[in-house]
Amino acid sequence: MKKQLSERQQHELDKYLDVFDRGTTGTPGVYAHKNWGSGIYDYIIEANPNSILDVGCGMGVFVNEMDNQLKIPNVYGLDIASVKTGKYHKNDNVTWIDSMAHDIPLEDGSVEYITSFDCLEHCLPEDIDTVVDEFDRVCSKGLFLSIAYRQAAEKTMDGEIMHMTVKPETWWIEKFSKKFKLVKVYNAYLIFEKISNK
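Computed from a prediction, not measured in an experiment: that's the story for all the values here.

Calculation notes
- Residues numbered from 1 in each chain as written.
- Predicted model: local features only at pLDDT ≥ 70, side-chain atom pairs only at ≥ 80, totals over all residues.
- Heavy atoms only, no water.
- Helix = DSSP H or I, 4+ residues; strand = E, 2+ residues; numbered from the N terminus.
- Polar contact = N/O pair within 3.5 Å; in protein donor to acceptor, adjacent residues only side chain to side chain.
- Contact = heavy atoms within 4.5 Å.
- Expected span 1.5 Å × (residues − 1).
- Buried < 20%, exposed > 50% of the residue type's maximum accessible area, 1.4 Å probe, protein only.
- Arc of directions from axis to C-beta.
- Salt bridge = Lys/Arg side-chain N within 4 Å of Asp/Glu carboxyl O.
- Phe/Tyr/Trp six-rings, centres within 6.5 Å; stacked < 30°, edge-to-face > 60°.
- Lys NZ or Arg CZ within 6 Å of the ring centre and 35° of its normal.

Peer 1: Can you tell me about the side chain of Lys-194, naming the residues and giving the values?
Peer 2: Note that Lys-194 resides in strand E7 (residues 189–194). Looking at Lys-194, its side chain comes within polar contact range of the main-chain oxygen of Asp-136, at 2.4 Å. At 2.6 Å, the side chain of Lys-194 and the backbone oxygen of Cys-139 are in polar contact. If near-sequence neighbours (up to four positions away) are discounted, Lys-194 is found in contact with Asp-136, Cys-139, Ser-140, Lys-141, Gly-142, Lys-179 and Phe-180.

Next comes the structure, spelled out in structure tokens:
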């Protein structure tokens, strides 16, 4: 059962539903169509996951490649707006989840790895600790993340900023290090393993 949204969370949901409808000032009519995870494939292949959840999957380019190219048996894509609006590249081999990063409707330890690319900076600051807890609860092995550390140049069509939590890399590492061990910083990516597995 989904958690009740706060007023600010509801505003963010409404904002992104509009973004998926109208796009942004930088990309009118389209949003979340890029694959921000393409630079980390070698490390995902090395991990050889049986299951992976992409939080903030957008239109699903990355998760579809996890299925089509990497042949990962169990692939999940979660997004705040694309699934709800139907604006994603449908694939029956992917389990699509309409939810937010702080409220993942999956069982404890149900996926080996969580990925999240150009997503977490869109979360509200007050939700970040809960997001870390949810990632820890749901995944059994580790994380592949990339996070923007600056404000986006583009805005919503109504002039709202896109990145709600703009913090330096060290801040994010400290947040996730409460539950995970940082094993590598590779270009724009942070690779963590779950502490409880050690």
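Peer 1: Just give me the short version of helix H1 (residues 7–22), but keep the residues and values in it.
Peer 2: Here H1 spans 22 Å end to end across 16 residues, near enough to the 22 Å set by a 1.5 Å rise per residue. Those residues of H1 not exposed but buried are Gln-9, Glu-12, Leu-13, Lys-15, Tyr-16, Val-19 and Phe-20. Here the buried residues of H1 occupy an arc of 160° about the axis, which is enough to place them on one side. As for H1, its buried residues are in contact with strand E2 (74–79) and helix H4 (82–85). Positive backbone phi, approximately 80°, marks Gly-23, located one or two places after H1.

Peer 1: I'd like a rundown of the pattern of salt bridges, residues and numbers included.
Peer 2: Inspection of the entire model under this criterion finds 11 salt bridges. The residue Asp-133 makes a salt bridge to Lys-179 at a minimum N-O spacing of 3.7 Å. Taken together, the positions of Asp-133 in helix H5 (residues 128–138) and Lys-179 in the loop between helix H6 (169–176) and strand E6 (180–186) put the pair 46 residues apart, joining distant regions of the chain. Given a relative accessible area of 39%, Asp-133 falls into the partly exposed group. The class of Lys-179 is partly exposed, set by a relative accessible area of 30%. Where Arg-137 meets Glu-134, a salt bridge forms, and the shortest distance between an N and an O atom there is 2.7 Å.

Peer 1: Quick rundown of the packing of aromatic side chains? Include the residues and the values.
Peer 2: Under the criterion given, the structure shown has 11 aromatic pairs. Pairing Tyr-88 with Trp-96 gives two aromatic rings, centres 4.5 Å apart and planes at 45°, and the pair type is tilted. Across this residue pair, the class does not change: Tyr-88 and Trp-96 are buried. Through a chain of ring-to-ring contacts, the aromatic side chains of Tyr-41, Phe-62, Phe-117 and Tyr-189 assemble into a single cluster. Positioned over the ring face of Tyr-88 is Lys-90, at 4.5 Å from the centre of the ring.

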